[in-house]
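Each chain, written out:
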Amino acid sequence: MSSAPHRSRRAGHPARREPHRTPLRPRWIGFALPSLVLVFVFFVLPFVLNVPFAFSSWSGYNQDVRFIGFSNFALLWERGILQNSIGITVAYAVIAMTVQNVVSMSLALALRRTTRVNSVFRSVFFLPVLISPLAAGYIWRAIMSADGPLNGAIGLFLPGFDHAWLGDPTSALVIVAFVDGWKWSGIATLVYIAGLNSIPASILEAAAIDGATAWQRFWCISFPLLAPAFTFNVVTTLIGALSAYDVVASTTGGGPGVSTVTLNLAAVQQFGLSYFGTASALSLTVTVLVILTAVPLVAWLRRREVAA
Amino acid sequence: MKWKSGVALLATAGVVASLAACSASDGAPATKLTIWHNSADTPAVLDLYDRFEAESGIDVELVDIPSDSFETTTTTKWATGDRPDILEYHPTRSLLFALNPAQNMQDLSDMAYVAKSGSLYDSMGSVDGTVYAAITGFPSIFGVFYNKAALADAGLEPPTSFSDLSSICDALAGSGVAPIYESGGSAWPTQILPLLYVSDSNEGDAYGAAIASNESALDDPDGAFEKGLEAYAGLRDRGCFNADATSATFEDALAAVYGGTAAMTALHSDSYAILLAAAGGDAAALDAAVGFVPVSADSPVAAYASSPIGTFYAPKTGDSAREAAAREFIEFATGTGYQDLVDAGPSFPVIDGATTPSDFSELQLSFKAAYDAGATVAVNSNVAGFGALVTETSKLLAGQTTPADAAKSMQDQVEQASIAAGLPGW
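Just so it is clear, the structure is predicted and the values come from calculations on it, not from any experiment.

What follows is about the overall build of chain A. Broken down by element type, chain A carries 14 helices and zero strands. When the helices and strands of chain A are read in sequence order from the N terminus, they spell out α-α-α-α-α-α-α-α-α-α-α-α-α-α. Its C-alpha atoms give chain A principal-axis dimensions of roughly 70 × 65 × 35 Å. The buried share of chain A, reckoned over its 308 residues, is 41%. When contacts within chain A are restricted to residue pairs at least 6 apart in sequence, long-range pairs at least 24 apart make up 67% of them.

Take the overall build of chain B next. Each helix and strand counted, chain B has 20 helices and 13 strands in total. Rg of the C-alpha trace for chain B: 23 Å, near the compact-globule value of 22 Å for 426 residues, within the 12% margin. By principal-axis analysis of the C-alpha atoms, chain B measures approximately 90 × 45 × 40 Å. Partitioning the contacts of chain B with sequence separation of at least 6, the portion at a separation of at least 24 is 77%. Carbon and sulfur atoms make up 54% of the accessible area of chain B, which totals about 16500 Å². Charge centroids of chain B, computed over 18 positive and 54 negative side chains, lie 11 Å from each other.

Take a negative patch on the surface next. A grouping of A:Asp147, B:Asp68, B:Glu251 and B:Asp252 is seen on the molecular surface, where their side chains present a negatively charged patch. Residue class for A:Asp147 comes out exposed when judged on its relative accessible area of 69%.

This next bit is on the layout of surface pockets. As a volume, the second largest pocket reaches approximately 470 Å³. Lining of the second largest pocket is provided by 22 residues; of these, A:Ser57, A:Ile68, A:Leu75, B:Gln416 and B:Ala420 occupy positions nearest its centre. Within the residue set of the lining of the second largest pocket, elements represented by two or more residues are α3 (71-78) and α14 (276-307) of chain A together with α20 (403-420) of chain B. Here the element with the most residues in the lining of the second largest pocket is α20(B); it accounts for five residues. Looking at the lining of the second largest pocket residue by residue, the class counts come to seven nonpolar, nine polar and six charged.

Take the interface of chain B and chain A next. Contact residues are listed per partner, giving 33 residues for chain B and 27 residues for chain A. Summed over both partners, the interface of chain B with chain A buries about 2400 Å², with 53% contributed by carbon and sulfur atoms. Here chain B is connected to chain A by zero salt bridges. Inspection of the chain B/chain A interface yields eight residue pairs in polar contact (both at pLDDT 80 or more). In terms of residue count, α20(B) provides more of the side of chain B that touches chain A than any other element does, five residues in total. Of the residues in the side of chain B that touches chain A, the class split is 11 nonpolar, 18 polar and four charged.

The next subject is empty space enclosed by the protein. What the rule picks out here adds up to three cavities of 30 Å³ or more. Approximately 80 Å³ is the volume found for the largest cavity. If you trace the largest cavity, you find 13 residues lining it, with A:Tyr61, A:Leu273, B:Ser94, B:Leu95 and B:Gly387 closest to the centre.

It is worth spelling out the pairing of strand β2 (residues 59-65) of chain B at this point. Residues and elements named next belong to chain B. In this sheet, β2 lies alongside strand β1 (residues 32-38) in parallel orientation, the contact comprising seven bridges. Within β2, the position partnered with Lys32 by the bridge is Asp59. The handedness of the β1 to β2 crossover, carried by helix α2 (residues 43-56), is right-handed.

With that settled, consider the nonpolar core. Counting residues in each nonpolar core, the largest one holds 140 residues, and the members touching the most others are B:Tyr113, B:Phe329 and B:Ile330. The residues contacting B:Tyr113, other than those within four sequence positions of it, are B:Leu108, B:Tyr121, B:Val131, B:Ala133, B:Ala134, B:Ile330, B:Thr334 and B:Ile351.

This model, assessed by the stated rule, comprises 37 aromatic pairs over all chains. Summarising the aromatic geometry, the rings of A:Phe161 and A:Trp165 are spaced 6.2 Å apart at their centres and angled 45° between planes, so their arrangement reads as tilted. Assessed through its relative accessible area of 28%, A:Phe161 is described here as partly exposed. An aromatic cluster is defined as three or more aromatic residues linked by ring pairs; in this entry it consists of A:Trp215, A:Phe218, A:Trp219, A:Phe223 and A:Phe230. We note B:Lys77 situated over the ring of B:Trp36; from NZ or CZ to the ring centre the distance is 4.8 Å. The ring of B:Phe348 is capped by B:Lys368, whose NZ or CZ atom sits 5.7 Å from the centre of that ring.

To continue, consider the side chain of B:Thr401. Residues and elements named next belong to chain B. Inspection of the secondary structure puts Thr401 in the loop between α19 (389-397) and α20. Residue Thr401 is classed as buried on the basis of its relative accessible area of 13%. Once residues lying within four places of it in the same chain are set aside, the contact partners of Thr401 are Glu392, Lys395, Leu396 and Ala406.

All right, on to the pattern of salt bridges then. In total, this model carries 12 salt bridges over all chains according to the counting rule given. Residue A:Asp64 is joined to A:Arg66 by a salt bridge in which the shortest nitrogen-to-oxygen separation is 2.9 Å. Overall, A:Arg66 belongs to the partly exposed group, its relative accessible area being 45%. One salt bridge in this structure joins B:Asp372 and B:Lys368, with 2.9 Å as the shortest N-O distance. In this pair, B:Asp372 and B:Lys368 are both assigned in helix α18 (residues 362-372), four residues apart and thus about one turn of the helix distant. Shared partners join several salt bridges into a network, and the residues in it are B:Asp47, B:Arg51 and B:Asp340.

With an omega of -5°, the peptide bond running from A:Gly255 to A:Pro256 counts as cis. Position of A:Pro256 relative to the elements: it lies in the loop between α12 (246-251) and α13 (263-272). Here the residue pair B:Gly345 and B:Pro346 is connected by a cis peptide bond, since its omega of -15° sits within 30 degrees of zero. Along the chain, B:Pro346 turns up in the loop between α17 (338-344) and α18. Positive phi, normally seen in glycine, also occurs at B:Asp128, with a value near 50°.

We now examine the packing of helix α12 (residues 224-237) of chain B against α19(B). Residue and element names in this part refer to chain B. The geometry of α12 relative to α19 is characterised by a closest axis approach of 10 Å and an angle of 35° between their N-to-C directions. Handedness of the α12/α19 crossing: right-handed. Of the residues in α19, those touching α12 at Phe225, Leu229, Tyr232, Ala233 and Arg236 are Leu389, Thr393, Leu396 and Leu397. Residue composition of the contact of α12 with α19, grouped by class: seven nonpolar, one polar and one charged.

Before going further, it helps to examine the environment of A:Pro133. Residue and element names in this part refer to chain A. Along the chain, the position of Pro133 falls in helix α6 (residues 133-144). Sequence separation of Pro133 and Arg116 is 17 residues, and the distance between their C-alpha atoms is 29 Å. If sequence neighbours within four positions are ignored, Pro133 has contacts with Lys183, Trp184, Asp246, Val247 and Ser250.

Further remarks concern the confidence of the model for chain A. It should be kept in mind that the predicted coordinates are not to be read in detail where pLDDT is low. All names here are of chain A. Here chain A averages 87 in pLDDT, and 91% of its residues register 70 or above. Confidence, expressed as mean pLDDT per element, reaches its minimum in chain A at helix α1 (residues 4-10) with 38 and its maximum at helix α4 (residues 81-110) with 95. Note on residues 1-17: pLDDT is under 50 here. Beyond four places in sequence and across chains, it has 11 contacts.

Parameters at a glance
- Residues numbered from 1 in each chain as written.
- Chains lettered and ligands numbered in written order.
- Predicted model: local features only at pLDDT ≥ 70, side-chain atom pairs only at ≥ 80, totals over all residues.
- Heavy atoms only, no water.
- Helix = DSSP H or I, 4+ residues; strand = E, 2+ residues; numbered from the N terminus.
- Buried < 20%, exposed > 50% of the residue type's maximum accessible area, 1.4 Å probe, protein only.
- Contact = heavy atoms within 4.5 Å.
- Rg over C-alpha atoms; globule rule 2.2 N^0.38 Å.
- Areas by Shrake-Rupley, 256 points an atom, 1.4 Å probe, with all protein chains shown as cover.
- Lys, Arg positive; Asp, Glu negative; His and termini not counted.
- Charge placed at Lys NZ, Arg CZ, Asp CG, Glu CD.
- Patch = residues over 30% accessible without salt bridge, like charges linked within 9 Å, V, L, I, M, F, W, Y side chains within 5 Å.
- Salt bridge = Lys/Arg side-chain N within 4 Å of Asp/Glu carboxyl O.
- 1 Å grid on protein atoms, 1.4 Å probe; cavity = no way out; pocket = protein on both sides within 12 Å on 5 of 7 lines; lining within 4 Å.
- Points joined across faces, edges and corners; volume = space filled by probe spheres on them.
- Nonpolar A, V, L, I, M, F, W, Y, C, P; charged D, E, K, R; others polar.
- Buried area = accessible area lost by both parts, 1.4 Å probe.
- Polar contact = N/O pair within 3.5 Å; in protein donor to acceptor, adjacent residues only side chain to side chain.
- Pairing = 2+ DSSP bridges.
- Right-handed = clockwise from strand over helix to strand, strands pointing away.
- Core = buried A, V, L, I, M, F, W, Y, C linked by side-chain atoms within 4.5 Å.
- Phe/Tyr/Trp six-rings, centres within 6.5 Å; stacked < 30°, edge-to-face > 60°.
- Lys NZ or Arg CZ within 6 Å of the ring centre and 35° of its normal.
- Axes fitted to C-alpha atoms, helices over the stretch in contact; angles between N-to-C directions.
- Left-handed = near helix turned anticlockwise from the far one by under 90°.
- pLDDT = per-residue confidence, 0-100.

Structural data, given as structure tokens:
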């Protein structure tokens, strides 16, 4: 807002017009009110009320709930739970975000034109979004099991192949993140298709006449003009994956060992042990991680949009 | 100001009315009973609820707690302050402590079934001599299921000790049969072998009591617990486990032992129903294929722990009529309704006065034989904070921790929980 003129100058467009902003008139507040109330009651209030628990001794073992400062975080750090689950969550989120965006960008380019065949394929690729994440996780778990269909198919070429995909710490994390990417890439695909279709065909035609290759047309024209869609997709997929729980819980349950214990899974485990204070501390860590990632990322990507 | 006092009056009236509705102790008998029950309840236990409903005229509302996330779901609901009239849950103290029973549960010590249950409540369902649980089921017996043909074909006898496990493992190397099928994908089975190792050191729960009261430590390098973890890691390093040990499930383990692709798996007797299903419901075929033996560090001693299935608590709800109805349910389940429950199982009775059904299979009788031959209570049963063991043994199986580090982590967690629970010795 106040930094907007700055952005224009840095982008080298001193004369560029700032987006037209209409001041919010009092009579419009009535329309915003329901949303504000919902956000306040169902997000802000529970979040604010939950924060103190992260700094409390709350457990199922006694009624005494005292303020204990950062002891819960210190305990989780001492046990290696905090750093392990932060590392896993970040790795998981980066892989899932990359998979989603690469896959959905490719699909969007392939299915850009609205034809009957493309409409069918768009629906097909959107189907995983509609499946319950738990169901998806269980299905992939069965596919990836040592005696599952994947090893069966590989076994046709390499007889006796029985790698336990979800039993190996590295492949388990990568596979679970891939499943998350597969599950949600349908939404990102639709956003990219909408973005691609808003690019004037004349620009691309002009570039083609000037001899630009397909790759040059994508990289130098389509991709920069897709910046708003790119911002939206990168941020939402990253934030979604940082909050990962359901797909991981149903696919590996955090295993092998603790190789896929994300922050949310660790929070549930602590809750199951009746350590509600440490569980709240882990939940707060997820929120802080999302804010620390999302705010700078959005700011950086928006600046890129302006530059574009 | 007039409207303000009107609002205040209305608000006060509302609060008073809702408090009155909450306590509802106007002397009228309860007409409804809410039971949080495990979704894996046996047909016999489900039938018990129906029979109580018919007998008492009290509506039973069953709230399903998924067996897959049973402990987490129960404690999560519990933490919100929500309380059922009857809670079906583990009788082990390690999990009972986390529900703060002195504060939250009705004292059932004076009920008739307690005196008729022998010494069961010395090690289960009670804290400091106060009984909170009503146990109706025969305990889960932890031991080793083995495929009879897989061992016999290799000229091997069923194991009785951990050194037997190692020698069987060596003898079966390269045979194409997994010596021990481990199910890290289900996580909880990874605790069983380390716990079995300790069972012949835990006669009368002496070792468990020493840990619980801080007289012994789990991370003592010469203690049975750390040695059990070392033995478990030793079996892993020896290549005794199936190739997909870190991701396979316990259902896979049972199918593998029944099918003969694995020689042994360490699980508990409640797995019987799944094994029977694997055998197409043919108990004779199952008896011909699979046996069950107690195994511990040096001698054949099984471990036992009472199951959450058929173990009931009566939480304090603040509603005297419903609290009384909850006791009525427990009276029924352990009294007039008990023989039918035992017969419907069929299961071995744990309350005196009930007669033992006669139609048990050979495999079921071997569970009872293992129990009667001096099984000891699983060492994790009565120690606060032991719930974290599954994480440590899962890490150990995956090679992500060492026996010493896992033992140290467990001792830290026991200390944390015991201090939080204000237990003596800490």
